[in-house]
Amino acid sequence: MKRLIERSRSVGEVLRWVTQNPGKVSASHYPIALHKLGQLLQQQPGPPAGAGDGRGPAGQVLEQPEFHALCQAIVSGCAKFDNFSIVNCLYAAAALGLPGESPLVRVLEDESRSRLGRFNQKDVSMVFSSEANNKALEAIFSSQLFYENRQERFIRSMAEWLPRKAENLTPYTMALIAKYVARHRLREPRLLDTIANFLLKRGEQLDSKVIQKLVFPFSRMNYRPSNHGELFPKLEAILEQKAGSSPLATVNILMSMFQLSHFPQTVLHQVFSPAFITNVMSSPYALIVRRYLSLLDAAVELEFREYSGPRLDPRYRVLMFEHALTADEANRKYSYKGLVAEALRQLVGEECYRQDEVLPPGYCTDFLLWINRSGTVLPLSRVPAASKAPLATSPAPLSLRSSVLALTADLQVVLSVNDKWHYCQNSDILVGSRAMRDRHLRLLGYCLVQLPYTELEKVSGIEEA
């Protein structure tokens, strides 16, 4: 049956073999049939197989009774399928263009979700070896099931095959993989270096919006690729040419480079120029770009002192963030901040600390305390007004912040509750945005006390096994 399906020359022939010979069809034949349908549809004129919108050959096939019979057979029997057949059917269905709400995809995803813990490396690696095309890989990484779930065997397998297949991938496919890597905070050098090599070879042909997606995993994981000596100058040269074509993508790429302590001087001249600012101010994303530019301007003042080019006009400076980050808010019930807050209430009293205080240039701090030269934690109501002035919501000159702290002998302490999502996966390395925040707060004169979740677990008595 496998040979007959693979040798079929038309969609109708595939469907006839599968639907008219139910006694000879096993679980392994269904994904083969779905893949063959996808291949045949790709060879026909009209919208691609993935369109799934009812137009052209693909839409016509999805409407055929024989195809519905094939889908129903998979739905009815998938609970008895082996893991590989389940996974392969799901990928093939996605590549064929079946919508996520279709009964077949829903049943396959539910069955896959129930088996995630039992998938082994062979189940996943066989799919990759049998589906070397971009369409299948796009289907894999577009699937919410696999995008949202991190499996160690899956990651190890991906780290093995990605370097070998990278040259044949499209930028869109690689961007999906980069999104997956960033989503799960995977600080896996083989994956990150493969993305970096792809970017080095293809960067000049890529759109700025694609480049920002490929660069983001490096800053997210606080990781300088092994080829950064070549890659970063290449990115600078590309940004010099394309800075104005997509301002939001440009500042996103710059932010990634800044988080890795790389400061492209020539590009800064462009993004802080009146022409660039004027272009941004008339765009629908003006506020978010202003936020990024304000933080970049602050980073220049704190970390790139030798820079002598234009700076952001003070009229356009705003706080990068005005409240806790979205991820911190979404995970608040899993955070150890509540434990630390209760300890502070008992030790020093609520009047002696602030929680979720936003400090210029827009960093949200977990807990802020003021300690005088004798080691006493002061009620914030007794802190001199001049010392508290830089804490206002207006992004005052950052040099004033550090000068005030230098002139007073008092110590302003930031307690940083580093929850699990603030670190790269299975690592003690903070994600890039958190690491840059800590660098900047220290340069502003704050004393940072790190409270990693691994230590707080011990205190709370729920240390992970």
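All values reported here derive from a predicted model rather than from experimental measurement. (Residues numbered from 1 in each chain as written. Predicted model: local features only at pLDDT ≥ 70, side-chain atom pairs only at ≥ 80, totals over all residues. Heavy atoms only, no water.)

**So, the overall build of the protein chain**
1) Next: Tallying secondary structure elements over the protein chain gives 25 helices and 4 strands in all.
2) Next: In the protein chain, the proportion of contacts linking residues at least 24 apart, taken out of those at least 6 apart, comes to 72%.
3) Next: In the structure as shown, the protein chain presents an accessible area of about 21,500 Å², 52% of it carried by carbon and sulfur atoms. (Helix = DSSP H or I, 4+ residues; strand = E, 2+ residues; numbered from the N terminus. Contact = heavy atoms within 4.5 Å. Areas by Shrake-Rupley, 256 points an atom, 1.4 Å probe, with all protein chains shown as cover.)

**Notes on the sheet that holds strand β1 (residues 354-359)**
1) Next: With respect to topology, 4 strands assemble into an open sheet ordered β1-β2-β3-β4, the strand pairing being mixed. A single partner strand is all that each edge strand has here, and the edge strands are β1 and β4 (447-452). Each neighbouring strand pair of the sheet contributes to a mean axis angle of 45°, computed without reference to strand direction.
2) Next: Running over the sheet, helix α21 (residues 337-347) touches β1, β2 (363-371), β3 (411-418) and β4 and is turned about 15° from β2. (Pairing = 2+ DSSP bridges. Axes fitted to C-alpha atoms, helices over the stretch in contact; angles between N-to-C directions.)

**Re the packing of aromatic side chains**
1) Next: Summed over the entire model, instances satisfying the criterion amount to 6 aromatic pairs.
2) Next: The interplanar angle of 85° and the centroid separation of 4.8 Å between the aromatic rings of Phe258 and Phe263 together place this pair among those described as edge-to-face.
3) Next: An aromatic cluster is built from Phe258, Phe263, Phe304 and Tyr307, whose rings are joined through pairwise contacts.
4) Next: When the ring centre of Trp161 is taken as origin, the NZ or CZ atom of Lys165, which lies over that ring, is 5.7 Å away. (Phe/Tyr/Trp six-rings, centres within 6.5 Å; stacked < 30°, edge-to-face > 60°. Lys NZ or Arg CZ within 6 Å of the ring centre and 35° of its normal.)

**Quick look at the packing of helix α2 (residues 11-19) against helix α3 (residues 29-42)**
The packing of two helices is summarised by the inter-axis angle and the distance between the axes.
1) Next: α3 packs onto α2 with a crossing angle of 170° between their chain directions and a minimal axis gap of 9 Å. Judged by the angle between their axes, α2 and α3 are roughly antiparallel. Every pair of crossing elements has a handedness; the one defined by α2 and α3 is left-handed. In contact with Val11, Val14, Leu15 and Val18 of α2, α3 contributes Tyr30, Ala33, Lys36, Leu37, Leu40 and Leu41.
2) Next: In terms of residue class, the contact of α2 with α3 is built from 9 nonpolar, no polar and 1 charged. (Parallel < 35°, antiparallel > 145°, perpendicular 65-115°, else oblique. Left-handed = near helix turned anticlockwise from the far one by under 90°. Nonpolar A, V, L, I, M, F, W, Y, C, P; charged D, E, K, R; others polar.)

**Digging into unusual backbone geometry**
Most peptide bonds take the trans form, and the phi angle of most residues other than glycine is negative.
1) Next: The peptide bond linking Pro360 to Pro361 adopts the cis configuration, its omega dihedral lying at 10°.
2) Next: Looking at where Pro361 falls in the secondary structure, it is placed in the loop between β1 and β2.
3) Next: A positive phi is found at Ser261, a non-glycine position, where the angle reads about 60°.
4) Next: Topologically, Ser261 is positioned in the loop between α16 (247-259) and α17 (265-271).

**Structural notes on the pattern of salt bridges**
When the charged atoms of two side chains with opposite charge come close together, those side chains can pair.
1) Next: Scanning the entire structure with this criterion turns up 17 salt bridges.
2) Next: Of the charged contacts in the structure, one is a salt bridge between Arg190 and Glu188, with a shortest N-O distance of 3.1 Å.
3) Next: The class of Arg190 is partly exposed, set by a relative accessible area of 36%.
4) Next: Asp366 serves as the salt-bridge partner of Arg434, at 3.0 Å between the closest nitrogen and oxygen. Linking Arg434 in helix α24 (residues 432-443) with Asp366 in strand β2, this pair joins segments that are 68 residues apart in sequence.
5) Next: What emerges from the salt-bridge pattern is a single network uniting Arg332, Lys337, Asp356, Asp366 and Arg434. (Salt bridge = Lys/Arg side-chain N within 4 Å of Asp/Glu carboxyl O. Buried < 20%, exposed > 50% of the residue type's maximum accessible area, 1.4 Å probe, protein only.)

**Section: the confidence of the model for the protein chain**
1) Next: Mean pLDDT over the protein chain stands at 84; residues scoring 70 or higher make up 81%.
2) Next: Of the regions scoring below 50 in pLDDT, residues 47-56 engages in 17 contacts with residues more than four places distant in sequence or in other chains.
3) Next: In the predicted structure, residues 389-396 sits below a pLDDT of 50 and forms 18 contacts with residues beyond four places in sequence or in another chain. (pLDDT = per-residue confidence, 0-100.)

**A few points about the environment of Cys364**
1) Next: Locating Cys364 in the fold gives a position in strand β2.
2) Next: Considered as a pair, Cys364 and Glu322 are 42 residues apart in the sequence and their alpha carbons are 7.6 Å apart.
3) Next: Sequence-distant contacts of Cys364, defined by excluding residues within four places in its chain, comprise His323, Ala324, Asp356, Glu357, Val358 and Arg437.

**Remarks on the pairing of β1**
1) Next: Bridge analysis of β1 against β2 gives 5 bridges, and the strand direction is antiparallel. Following the sheet pairing, Val358 is matched in β2 by Cys364.
2) Next: The hairpin turn running from β1 into β2, its antiparallel successor, is 3 residues long, and Gly362 in that turn takes a positive phi close to 125°.

**Overview of helix α19 (residues 286-303)**
1) Next: End to end, α19 covers 25 Å across 18 residues, agreeing with the expected 26 Å (1.5 Å per residue, within 8%).
2) Next: The element α19 is extensively covered by neighbouring structure, given that 15 of its 18 residues are classed as buried. (Expected span 1.5 Å × (residues − 1).)

**Section: the side chain of Ser283**
1) Next: Within the secondary structure layout, Ser283 lies in the loop between α18 (274-281) and α19.
2) Next: A polar side-chain atom of Ser283 sits 2.6 Å from the main-chain carbonyl oxygen of Val280. (Polar contact = N/O pair within 3.5 Å; in protein donor to acceptor, adjacent residues only side chain to side chain.)

**Observations regarding the nonpolar core**
1) Next: The biggest cluster of nonpolar side chains holds 72 residues, and the ones touching the most others in it are Leu199, Leu214, Phe218, Phe272 and Leu293.
2) Next: In terms of residue count, the dominant contributor to this core is α19 (8 residues).
3) Next: Here this core spans two domains, and each of domain 2 (134-318) and domain 3 (327-460) adds at least three residues to it.
4) Next: Apart from the residues lying within four places of it in its own chain, the contact partners of Phe272 are Ile277, Leu293, Leu296, Asp297, Val300, Tyr307, Pro310, Arg311 and Leu312.
5) Next: Counting 32 residues, the second-largest nonpolar core is a separate cluster that includes Val18, Leu41, Leu70 and Leu96. (Core = buried A, V, L, I, M, F, W, Y, C linked by side-chain atoms within 4.5 Å. Domains from an automatic or database assignment.)

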